[in-house]
Amino acid sequence: MKIALLTSGGDAPGMNAAIRAVVRTCVYYNIEAYGVRDGYKGLVEDNFRHLHSFDVGQMIDRGGTILGSARLDSFKNEEVVKKAIDNLRKRSIDGLVVIGGDGTFKGAMALEAQDFPTIGIPATIDNDINGTEYTIGFFSALDTSMEAIDKLRDTSFSHQRCTVVEVMGRDCGDLSIYSGISCGAEIVVTSETGYNETEILERIQKAKNQGKRHLIVVVAENITDVNQLAKKIQTNTGYDARATVLGYIQRGGSPSAFDRVLASKMGILAVELLKEGKHNLATVSQGLHVNSMSLSKVLYEKADKPNLYRYLEKLR
């Protein structure tokens, strides 16, 4: 049996741990493993590499992805997908493991639509994949955000400042709300809370009137211009205010222990599913266990997530 694997979309800490787990599980079951460079782009351009156990040594702690990643909008085209499948079949590859987010899973669905067996592993710092409690990379990015906000709070307190911090997460507020809880932020703004500028300014003014020395405001990306918000806070509340955009620093760095273990579990399960003849599935985390769920359910059903904002109200 032969299995190929690729990483696609935005990189996330723990992708290398997942690659390592897939390759070493293949070796355990005497399956040939092939890495595809630069995601679906490499799949179409026939850029494969035979992987052995020693190729993935000393990489469980490395951020990013050794296979590389790229976005390929043309993979929506049926002829492009067929070319990718031709490249897989000429090597007699029996199944493909794709590691990434929702765009990566849509590519997997396109392959499945043309009868090529595929398994998805959710790896994205955004934690925006349905069916899985956590995605690979989420907690590593959270650790990075927490460390940065902790440092910003030190200088915020020193200068009696209101600090506005923009956190990544695309359209999902999980990274922002978890950052807010772990760092004791006074205000968290995400797409789930909505953006009410008047209310935000009133809450900050109230804090100032009560003698609060400093504040941290965490804002999810794509909500508002945080630099403009900081200027309005300074103009209207009496606080000195600054904005910081954490940006891509959240994607890099060594994965956390949680992400290394999660990636290892999911990588093993992905190979075992293909070995058993199962496909059109994604690995998902449920509590401390990993399981599988259909790709269509993972992609197209809305995630039912707990309301974490109630914790902020009690901790403020």
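Small disclaimer: the values here were computed from a predicted structure and weren't measured.

A. View of the sheet that holds strand S9 (residues 240-245). Within the open sheet, the 4 strands sit side by side as S7-S8-S6-S9. Their pairing is parallel. Each edge of the open sheet is held by one strand with a lone partner, namely strand S7 (187-189) and S9. Direction aside, neighbouring strands of the sheet carry axes that sit 15 degrees apart on average. By the bridge criterion, 6 bridges tie strand S6 (residues 161-167) to S9 in an arrangement that is parallel.

B. Focus on the UniProt feature "active site" (unreviewed entry) in the protein. Per the UniProt annotation, the sites labelled "active site" (unreviewed entry) are Asp126. For Asp126, the contacting residues outside a window of four places in its chain are Gly169, Arg170, Cys172 and Asp174.

C. A look at the domain arrangement of the protein. Taken domain by domain, the protein holds domain 1 (2-137 + 255-300) and domain 2 (139-251). Contacts between domain 1 and domain 2 engage 16 residues on the former and 13 residues on the latter. Taken together, both faces of the contact between domain 1 and domain 2 bury some 1200 Å²; the carbon and sulfur share is 48%. Broken down residue by residue, the surface that domain 1 buries against domain 2 is led by Ile125, Asp126 and Tyr134, which jointly contribute 41%. For the pair domain 1 and domain 2, the interface holds 4 salt bridges. Salt-bridge contacts for Asp128 lead to Arg170; the nearest nitrogen and oxygen are separated by 2.8 Å. Taken together, domain 1 and domain 2 are joined by 9 residue pairs in polar contact (both at pLDDT 80 or more). Tallied by class, the residues present in the side of domain 1 that touches domain 2 amount to 6 nonpolar, 4 polar and 6 charged.

D. The arrangement of the packing of aromatic side chains in detail. Tallied over the entire structure, the rule returns 10 aromatic pairs. Seen in terms of ring centroids, Tyr28 and Tyr29 are 5.0 Å apart; in terms of plane orientation they differ by 90 degrees. Their pairing is edge-to-face. We classify Tyr29 as partly exposed; its relative accessible area is 28%. For the pair Tyr134 and Tyr178, a centre-to-centre distance of 6.4 Å together with 80 degrees between the ring planes defines the contact as edge-to-face. Residue Tyr134 is found in the loop between strand S5 (118-122) and helix H5 (138-158), and its partner Tyr178 is found in helix H6 (residues 174-183); the two are separated by 44 residues along the sequence. In this structure Tyr134 comes out as buried when scored by relative accessible area, which is 15%. In textbook terms, an aromatic cluster arises when at least three aromatic residues are bridged by ring pairs, as seen for Tyr134, Phe138, Phe139, Tyr178 and Phe258. For Lys208, the ring lying beneath its charged end belongs to Tyr239, and the centroid distance is 4.8 Å.

E. Spatial organisation of the pattern of salt bridges. For the coordinates displayed, the defined rule picks out 17 salt bridges. Across the pair Glu79 and Lys82 runs a salt bridge whose closest N-O atoms are separated by 3.8 Å. A residue pair is termed a helical-turn pair when its members lie 3 or 4 positions apart in one helix, as Glu79 and Lys82 do in helix H3 (residues 78-89) at 3 residues. Put simply, Asp102, Asp126, Asp128 and Arg170 are held in one network by salt bridges that share partners.

F. How the structure looks around helix H1 (residues 15-28). In a regular helix each residue adds 1.5 Å, so 14 residues correspond to 20 Å; H1 covers 20 Å between its end C-alpha atoms and thus fits that length. Burial of H1 is extensive: 10 of the 14 residues sit out of reach of the surface. Structurally, H1 contributes buried residues whose contacts are with strand S1 (2-7), strand S2 (32-36), strand S3 (48-51), strand S4 (95-100), S5 and helix H9 (257-275).

G. Representation of the side chain of Ser176. Its location among the elements puts Ser176 in helix H6. Judged by its relative accessible area of 0%, Ser176 is buried. Residues in contact with Ser176, not counting those within four places in the same chain, are Val167, Met168, Val188, Thr190, Val218, Val219 and Ala220.

H. Region of the structure containing the nonpolar core. Core analysis: the largest hydrophobic core is formed by 30 residues, its most contacted members being Leu5, Ile19, Val97, Ile99, Ile121 and Ile136. Among the secondary structure elements, those contributing two or more residues to this core are S1, H1, S4, S5 and H9. It is H9 that contributes the most residues to this core, 8 residues altogether. Other than its neighbours up to four places away in sequence, Val97 contacts Ile3, Ala4, Leu5, Leu6, Val22, Ile119, Ile121, Ala270 and Leu274. With 28 residues, the next largest nonpolar core counts Val36, Tyr40, Leu43 and Ala282 among its residues.

I. Quick look at the side chain of Ser145. Secondary-structure assignment places Ser145 in helix H5. At 3.1 Å, the side chain of Ser145 and the side chain of Gln250 are in polar contact. Excluding its chain neighbours within four sequence positions, the residues that come into contact with Ser145 are Val167, Leu175, Ser179, Leu246 and Gln250.

J. Quick look at the sheet that holds S2. An order of S3-S2-S1-S4-S5-S10-S11 is seen for the 7 strands of this open sheet, with the pairing classed as mixed. Each end of this open sheet is capped by a strand with a single partner; those strands are S3 and strand S11 (289-294). Taking each pair of neighbouring strands and ignoring which way they run, the sheet shows an average axis angle of 30 degrees. Bridge count for S1 against S2 is 4 bridges, and the pairing is parallel. Residue pairing across strands places Leu5 opposite Gly35, the latter belonging to S2. This element, H9, spans S1, S4, S5, strand S10 (281-286) and S11 of the sheet and lies at about 145 degrees to S10.

Rules used throughout
Residues numbered from 1 in each chain as written. Predicted model: local features only at pLDDT ≥ 70, side-chain atom pairs only at ≥ 80, totals over all residues. Heavy atoms only, no water. Pairing = 2+ DSSP bridges. Helix = DSSP H or I, 4+ residues; strand = E, 2+ residues; numbered from the N terminus. Axes fitted to C-alpha atoms, helices over the stretch in contact; angles between N-to-C directions. UniProt positions renumbered as here; feature names shortened; annotations may be inferred. Contact = heavy atoms within 4.5 Å. Domains from an automatic or database assignment. Buried area = accessible area lost by both parts, 1.4 Å probe. Salt bridge = Lys/Arg side-chain N within 4 Å of Asp/Glu carboxyl O. Polar contact = N/O pair within 3.5 Å; in protein donor to acceptor, adjacent residues only side chain to side chain. Nonpolar A, V, L, I, M, F, W, Y, C, P; charged D, E, K, R; others polar. Phe/Tyr/Trp six-rings, centres within 6.5 Å; stacked < 30°, edge-to-face > 60°. Buried < 20%, exposed > 50% of the residue type's maximum accessible area, 1.4 Å probe, protein only. Lys NZ or Arg CZ within 6 Å of the ring centre and 35° of its normal. Expected span 1.5 Å × (residues − 1). Core = buried A, V, L, I, M, F, W, Y, C linked by side-chain atoms within 4.5 Å.

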